[in-house]
Amino acid sequence: MSVRNLIDITDLTVEEIDQLIATAEDIIAQPEKYQDACAHKQLATLFFEPSTRTRLSFESAMLALGGKTLGFSAANSSSAAKGETVGDTVHTVSCYADIIAMRHPNEGAPYAAAQFSEVPIINAGDGGHNHPTQTLTDLLTIHREKGRLNGFTIGFCGDLKFGRTVHSLVNALSRQSGIRFFFISPEELKMPGYIKESVLDKNAIPYEETGSLEEAMPQLDILYMTRVQKERFFNEADYVRLKDTYVLDPEKLLPAKEDLTILHPLPRVNEITVAVDRDPRAAYWKQVKNGKFIRMALIMKLLDIRV
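So, here is what we can say about the structure in this document. Residues take numbers from 1 onward in each chain, read along the sequence in its written order. Two thresholds apply to this predicted model, a pLDDT of at least 70 for residue-level local features and 80 or more for giving and counting side-chain atom pairs, whereas whole-chain, interface and lining totals are computed over all residues. Side-chain measures were taken over the full set of non-hydrogen atoms in the model, leaving aside hydrogen atoms and water.

## Thoughts on the sheet that holds strand β4 (residues 121–126)
Then comes step 1: Pairing in this open sheet of 4 strands is parallel, and the strands run β2-β1-β3-β4 from one edge to the other. Strands with a single pairing partner mark the edges of an open sheet, and in this sheet they are β2 (68–72) and β4. Across the sheet, the mean angle from the axis of one strand to that of its neighbour is 15°, orientation sign disregarded.
Then comes step 2: Here, a strand pair is defined by DSSP locating no fewer than two bridges between the strands. A run of H or I in DSSP counts as a helix once it spans at least four residues, and a run of E counts as a strand once it spans at least two, with each numbered from the N terminus. Pairing analysis gives 4 bridges linking strand β3 (residues 99–104) to β4, with the strands arranged parallel. Pairing of A101 across the sheet is with I122, part of β4.
Then comes step 3: Residue contacts are defined here by distance: any two heavy atoms, one from each residue, within 4.5 Å place the two residues in contact. Axis lines are fitted to C-alpha atoms, over the contacting stretch for helices. Their N-to-C directions set the angle, which ranges from 0 to 180 degrees. Most of the contacts of helix α2 (residues 53–64) go to strand β1 (residues 42–47), to which it runs at about 175°, and overall it touches β1, β2, β3 and β4.

Following this line, the structure appears as structure tokens:
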């Protein structure tokens, strides 16, 4: 039987994403039904780059399915510190585990690793490129908050150049009908041209680019905030100059729609003030919870486990 991987969100059809969301909804409603679904299965988390939510949500997901976890949370705690290639590391770990979740700072590393693995590989983030399981988390959250995945205007604000969560979600939503995008960023952190050309322009999907959050706010059904990522900058001065370009606070939300949904993949630094947490439109802590449930659904799918 061939191994199924998740490297890019487009590896899943729209129908498969709908099925994963339905499974996650059922897990939320009936968690006890799934508590032994992955008994005697092992998930390896290979994180060559720091992570809190993604790594722990994968581990929490597998434990909630009755499985076990193993792995490492930093490259310097693995044989990579001795010079071992990613391919050899993954090939080795695939001898011990049934499925692997992998994060790496280099774009394309999970795809390359999949060529050496005997078990499914899940891309848990590769550089500034892609983050498909965060996208599944976002889609589940949008579905739970809005009741649909189509027919709305969504604004992405902050680091759109290096934001792998943004790139993945734009790819996913571009396959839905009636989506309009606002890209809100400083000039230096604009959405990459290849995404605009190959995804949006190619499919005649409407979008606007602006440097003003205030200008876009009244038109948004969903606001997706992102942090300016210090780890993606080569120049400390550029990071310092750009890091506080957008700070969402209660005052900036005054012209927003009453049913606006505010998302953020986290971690945040200062781009959303703590005061916004009390706004009923803030859904980013719900996102955190939803990440566990959608990853439970994905693990079962890639292991071909049905309950």
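## Some thoughts on the side chain of S117
Then comes step 1: By the secondary structure assignment, S117 is in the loop between α4 (109–114) and β4.
Then comes step 2: Reaching out from S117, the side chain makes a polar contact with the backbone oxygen of V119 at a distance of 2.7 Å. The definition of a polar contact used here is a pair of N or O atoms within 3.5 Å, where within protein one atom must be able to donate a hydrogen and the other to accept one, and adjacent residues in sequence count solely through side-chain atom pairs.

## Some points on helix α7 (residues 193–201)
Then comes step 1: Burial classification: accessible surface area is computed with a 1.4 Å probe over protein chains only, and a residue below 20% of its type maximum counts as buried, one above 50% as exposed, and the rest as partly exposed. Buried within α7 are the following residues: I195, K196, V199 and L200. On an axial view of α7, the arc spanned by its buried residues comes to 110°, and they lie on one face.
Then comes step 2: Contacts made by the buried residues of α7 are with α6 (164–173), β6 (179–184) and β7 (207–210). Here, the arc refers to the directions that run from the helix axis to the C-beta atoms.

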